[in-house]
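Here are the chains, one letter per residue:
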Amino acid sequence: MQVPVSDSSLQCRYFAGTGSIGGIHLPDFRDKYVFSKKKSGISDKEYHRQIREQAYEDFTKGQFQNKSEGFNRLMKSYTSEVSPDRKSIITSGLKAVSGKRQNMIQPIDFIATILEGEVRFKKPPLGGSEYIEFYDKNGEMVATYSNNGWTMYTTNAEAARQTEMCIIYNEAWGNR
């Protein structure tokens, strides 16, 4: 079984034209591999029907999983149902960090209170680059920023949801 989204979630990505906070470019939250909490109102039963339909369509086109734009859109929507609110965690965290640049990794307490998450910031000595870790309310790392690039980390809930989608898709692909 392939879970292609997980592979990309651990790659360092650079985004341009996304705006910035404190001189740090934001990730592109519209990117197919950047998940952030979004409730669609679609039931799991309806999602499962859509996943099977996408698999049937992809099979007829000779496409499989992430080679299909329809699959990628559906994966983003399906996974975002259980994603942490990365957009809020990252934007609020960067606003706090931009005013509190420190020389050692330390949690920024009021962010933990506001977001029920945690942000850790490190600015190394001259010539080094900043390193920032972003955590959700469950203590899972959801993103890091370093060397002017972003790395998104898949949470346990996201990984389970992605695996579930791939199982449904793989069972339906070629079996209509």
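Residues numbered from 1 in each chain as written. Predicted model: local features only at pLDDT ≥ 70, side-chain atom pairs only at ≥ 80, totals over all residues. Heavy atoms only, no water.

Engineer: What is the right way to read the pattern of salt bridges from this model?
Structural biologist: Opposite charge on two side chains allows them to pair when their charged atoms are near. Evaluation of the coordinates by the stated rule reveals six salt bridges. Lys61 serves as the salt-bridge partner of Glu57, at 3.2 Å between the closest nitrogen and oxygen. A residue pair is termed a helical-turn pair when its members lie 3 or 4 positions apart in one helix, as Glu57 and Lys61 do in helix α2 (residues 44-61) at four residues. What makes Lys61 exposed here is its relative accessible area of 53%. (Salt bridge = Lys/Arg side-chain N within 4 Å of Asp/Glu carboxyl O. Helix = DSSP H or I, 4+ residues; strand = E, 2+ residues; numbered from the N terminus. Buried < 20%, exposed > 50% of the residue type's maximum accessible area, 1.4 Å probe, protein only.)

Engineer: In this structure, what is going on with the packing of α2 against helix α3 (residues 69-80)? I would like to understand it.
Structural biologist: Each pair of packed helices can be described by the angle between their axes along with the distance between the axes. Running from N to C, α2 and α3 point in directions that differ by 165 degrees, and their axes come no closer than 10 Å. Relative to α3, the element α2 is oriented roughly antiparallel. The way α2 lies across α3 gives a crossing that is left-handed. Taken together, the residues of α3 that come into contact with α2 (itself represented by Asp44, Tyr47, His48, Gln50, Ile51, Gln54 and Asp58) are Gly70, Phe71, Leu74, Ser77 and Tyr78. The residue inventory of the contact of α2 with α3, partitioned by class, reads five nonpolar, five polar and two charged. (Axes fitted to C-alpha atoms, helices over the stretch in contact; angles between N-to-C directions. Parallel < 35°, antiparallel > 145°, perpendicular 65-115°, else oblique. Left-handed = near helix turned anticlockwise from the far one by under 90°. Contact = heavy atoms within 4.5 Å. Nonpolar A, V, L, I, M, F, W, Y, C, P; charged D, E, K, R; others polar.)

Engineer: What exactly am I supposed to notice about the nonpolar core here?
Structural biologist: Judged by nonpolar contacts, the single largest core of 17 residues is most densely connected at Ile90, Leu94, Ile132, Phe134, Ala143 and Trp150. Looking at this core, the elements that each hand over two or more residues are α4 (86-99), β5 (131-135), β6 (141-146) and β7 (149-152). Examining the composition of this core, we find that four residues originate from one element, α4, more than from any other. With residues near it in sequence (within four places) discarded, Ala143 still touches Ile90, Ile132, Glu133, Phe134, Trp150, Thr151, Met152 and Tyr153. (Core = buried A, V, L, I, M, F, W, Y, C linked by side-chain atoms within 4.5 Å.)

Engineer: Is there a simple way to explain the layout of surface pockets in this structure?
Structural biologist: A probe as big as a water molecule, rolled over the atoms, marks out the empty space that is left. Taken as a whole, the second largest pocket spans an internal volume of roughly 170 Å³. Contributing to the lining of the second largest pocket are Phe29, Val34, Ser36, Lys38, Ser40, Arg73, Lys76, Ser77, Ser80 and Lys87. The greatest single-element share of the lining of the second largest pocket, amounting to four residues, is contributed by α3. (1 Å grid on protein atoms, 1.4 Å probe; cavity = no way out; pocket = protein on both sides within 12 Å on 5 of 7 lines; lining within 4 Å. Points joined across faces, edges and corners; volume = space filled by probe spheres on them.)

Engineer: What is the right way to read the side chain of Arg161 from this model?
Structural biologist: In this fold, Arg161 is placed in helix α6 (residues 156-172). The exposure class assigned to Arg161 is buried, which follows from its relative accessible area of 10%. At a separation of 3.2 Å, a polar atom in the side chain of Arg161 contacts the side chain of Asp44. Residues in contact with Arg161, not counting those within four places in the same chain, are Asp44, Tyr47, Tyr78, Thr79, Glu81 and Val82. (Polar contact = N/O pair within 3.5 Å; in protein donor to acceptor, adjacent residues only side chain to side chain.)

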